[in-house]
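These are the residues of each chain, in order.
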Amino acid sequence: MNTLKEKVLQLKKEKNAVILAHYYQEVAIQEIADYVGDSLGLSQVAAKAEADIILFAGVHFMAETAKILNPTKKVILPDLNAGCSLADSCPPNLFKKFIAAHPDHVVITYVNCSAEIKALSHLVCTSSNAVKIVESVPSSIPIIFAPDKNLGKYIMEQTGRNMVLWDGSCIVHEAFSIDKLLELHKRNPDAEIIAHPESETHILKVAHYIGSTAGMIAYVKESKKHKFIVATEAGILYKMQQQAPNKVLIPAPSHEDNTCACSECAFMKVNTLQKVYDCLLNETPEIQIPKSIQKKALLPIDRMLQLS
């Protein structure tokens, strides 16, 4: 009897499908994916995808980005409930008013937003290339940055640019407890704290390294240090440990750590291997984006990919 994993791989072959998965997906999904990466890497791979079907094991906005880049291909998502608290924090009707209140500003949006928000933007960025994207705008031109205020504050520090920030955030990256983190570091003084720039400022201030998920993995792999406290979604630990098998990885503690000492994204974990199989089998749920929005949203994403 074929295992579920074998069935998925067989079906993938039959349907000429490619499976893209984010680092925060459960291990079983990461194991069968053709590519596992962060938002930038996934966007770049999606742009070059040659398969007939793209199964995106991630959250809704990621699958939307793949569809924007591949309008003629079928893009499917294992569960439409795989949303994003950060994307939800920026409703298009309110963001339109926000833009109108700040005329003559260049609008840069973090990729963690809906297709409608991307369609209202001049440029899109990821945490990997945000500094580069912001620096590509002449200093005389004012910038609106949305939806993540924590990432926005971090970029302002890095670039010296003053930007108008939308007040959005990610519940996972705001769940880390600074007190528990410092206590954990006291017990592991030989460990380096590494953090994602979506984390709050007080977390970033104590971090030895700040970077995207791909950046964090590369840092741990190349560092001469042996032990790390990792402040991002705990799903990253699987790939990080694979890339750096001899390193000790400790998940950063969240405010509520009764069941898990780490921070997990409930939206990312909505997808399961069974749902991946059902999704491939039935080729549904399929991502559909109105043509007008798709066209407008493609421009800022294309600009980002060219700058990256």
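Residues numbered from 1 in each chain as written. Predicted model: local features only at pLDDT ≥ 70, side-chain atom pairs only at ≥ 80, totals over all residues. Heavy atoms only, no water.

Caption draft 1: Quick peek at the sheet that holds strand 1 (residues 17-22). Taken in spatial order, the 4 strands make up an open sheet running 2-1-3-4, and their pairing is parallel. The strands lining the two open edges of the sheet, one partner per strand, are strand 2 (35-37) and strand 4 (74-76). Strand-to-strand, the axes of this sheet are offset by a mean angle of 20 degrees, without reference to chain direction. Bridging between strand 1 and strand 3 (residues 53-57) involves 5 bridges; their strand directions are parallel. By the bridge assignment for strand 3, leucine 20 is matched with phenylalanine 56. (Pairing = 2+ DSSP bridges. Helix = DSSP H or I, 4+ residues; strand = E, 2+ residues; numbered from the N terminus. Axes fitted to C-alpha atoms, helices over the stretch in contact; angles between N-to-C directions.)

Caption draft 2: Looking closely at the pattern of salt bridges. Within the structure shown, the criterion is met by 9 salt bridges. Of the charged contacts in the structure, one is a salt bridge between lysine 275 and aspartate 79, with a shortest N-O distance of 2.7 Å. Linking lysine 275 in helix 14 (residues 273-282) with aspartate 79 in the loop between strand 4 and helix 5 (85-88), this pair joins segments that are 196 residues apart in sequence. A relative accessible area of 29% means that lysine 275 is categorised as partly exposed. You can call aspartate 79 buried: its relative accessible area is 12%. Between lysine 269 and glutamate 233 there is a salt bridge, with the nearest N and O atoms lying 2.7 Å from each other. (Salt bridge = Lys/Arg side-chain N within 4 Å of Asp/Glu carboxyl O. Buried < 20%, exposed > 50% of the residue type's maximum accessible area, 1.4 Å probe, protein only.)

Caption draft 3: Fine view of the nonpolar core. Judged by nonpolar contacts, the single largest core of 94 residues is most densely connected at Ile108, Ile236 and Met240. With 6 residues, the top contributor of residues to this core is helix 4 (residues 60-69). In this structure methionine 240 touches Ile194, Met216, Ile217, Val220, Val230 and Leu249, once residues within four positions along its chain are discounted. Residues Phe98, Val107, Ile144 and Trp166 belong to the second largest nonpolar core, which totals 10 residues. (Core = buried A, V, L, I, M, F, W, Y, C linked by side-chain atoms within 4.5 Å. Contact = heavy atoms within 4.5 Å.)

Caption draft 4: Fine view of empty space enclosed by the protein. Using the criterion set out here, one finds 2 cavities of 30 Å³ or more in the structure. The volume enclosed by the largest cavity comes to roughly 270 Å³. Going through the elements one at a time, helix 3 (39-47) and helix 4 are the ones with two or more residues in the lining of the largest cavity. As a volume, the second largest cavity reaches approximately 70 Å³. Every residue lining the second largest cavity is listed: Ser39, Leu42, Ser43, Ala46, Phe56, Phe61, Met62, Thr65, Ala66, Leu69 and Val111. (1 Å grid on protein atoms, 1.4 Å probe; cavity = no way out; pocket = protein on both sides within 12 Å on 5 of 7 lines; lining within 4 Å. Points joined across faces, edges and corners; volume = space filled by probe spheres on them.)

Caption draft 5: Representation of the packing of aromatic side chains within the structure. A full pass over the atoms with the stated rule returns 5 aromatic pairs. Arranged with centres 5.1 Å apart and planes meeting at 90 degrees, the rings of phenylalanine 98 and tryptophan 166 form a pair that is edge-to-face. Taken together, the residues span a long stretch of sequence, with phenylalanine 98 in helix 6 (residues 92-100) and tryptophan 166 in the loop between strand 8 (163-165) and helix 10 (178-187) at a distance of 68 residues. Both residues of the pair, phenylalanine 98 and tryptophan 166, belong to the buried class. Chaining the aromatic ring pairs together yields one cluster made of Phe95, Phe98 and Trp166. (Phe/Tyr/Trp six-rings, centres within 6.5 Å; stacked < 30°, edge-to-face > 60°.)

Caption draft 6: The environment of valine 59, seen in detail. Along the chain, the position of valine 59 falls in the loop between strand 3 and helix 4. Overall, valine 59 belongs to the buried group, its relative accessible area being 3%. With 34 residues separating them in the primary sequence, valine 59 and glutamine 25 have C-alpha atoms 9.4 Å apart.

Caption draft 7: The sheet that holds strand 11 (residues 227-231), seen in detail. Within the open sheet, the 4 strands sit side by side as 10-9-11-12. Their pairing is parallel. Every interior strand has two partners, whereas the edge strands, strand 10 (209-210) and strand 12 (248-251), have only one. Contacts between helix 13 (residues 236-243) and the sheet are confined to strand 9 (191-195), strand 11 and strand 12, with strand 12 contributing the most and set at about 170 degrees to the helix.

Caption draft 8: Quick peek at the packing of helix 12 (residues 213-222) against helix 13. Packing of helix 12 against helix 13 leaves a shortest axis separation of 9 Å and a crossing angle of 30 degrees. You can see that helix 12 and helix 13 cross each other, and the crossing is right-handed. Mapping the contact onto sequence places Thr213, Met216, Ile217, Val220 and Lys221 in helix 12 and Ile236, Lys239, Met240 and Gln243 in helix 13. Considered class by class, the residues forming the contact of helix 12 with helix 13 number 5 nonpolar, 2 polar and 2 charged. (Left-handed = near helix turned anticlockwise from the far one by under 90°. Nonpolar A, V, L, I, M, F, W, Y, C, P; charged D, E, K, R; others polar.)

Caption draft 9: Fine view of the pairing of strand 1. With respect to burial, strand 1 is a largely interior element, 6 of its 6 residues being buried. Going residue by residue along strand 1, you find Ala17, Ile19 and Ala21 tucked away on one face and Val18, Leu20 and His22 tucked away on the opposite face as well. Here strand 1 pairs with strand 2 via 3 bridges, running parallel. Bridge assignment links leucine 20 to a residue of strand 2, and that residue is tyrosine 35. This β-α-β element, strand 1 to helix 2 (residues 27-32) to strand 2, shows right-handed connectivity. (Right-handed = clockwise from strand over helix to strand, strands pointing away.)

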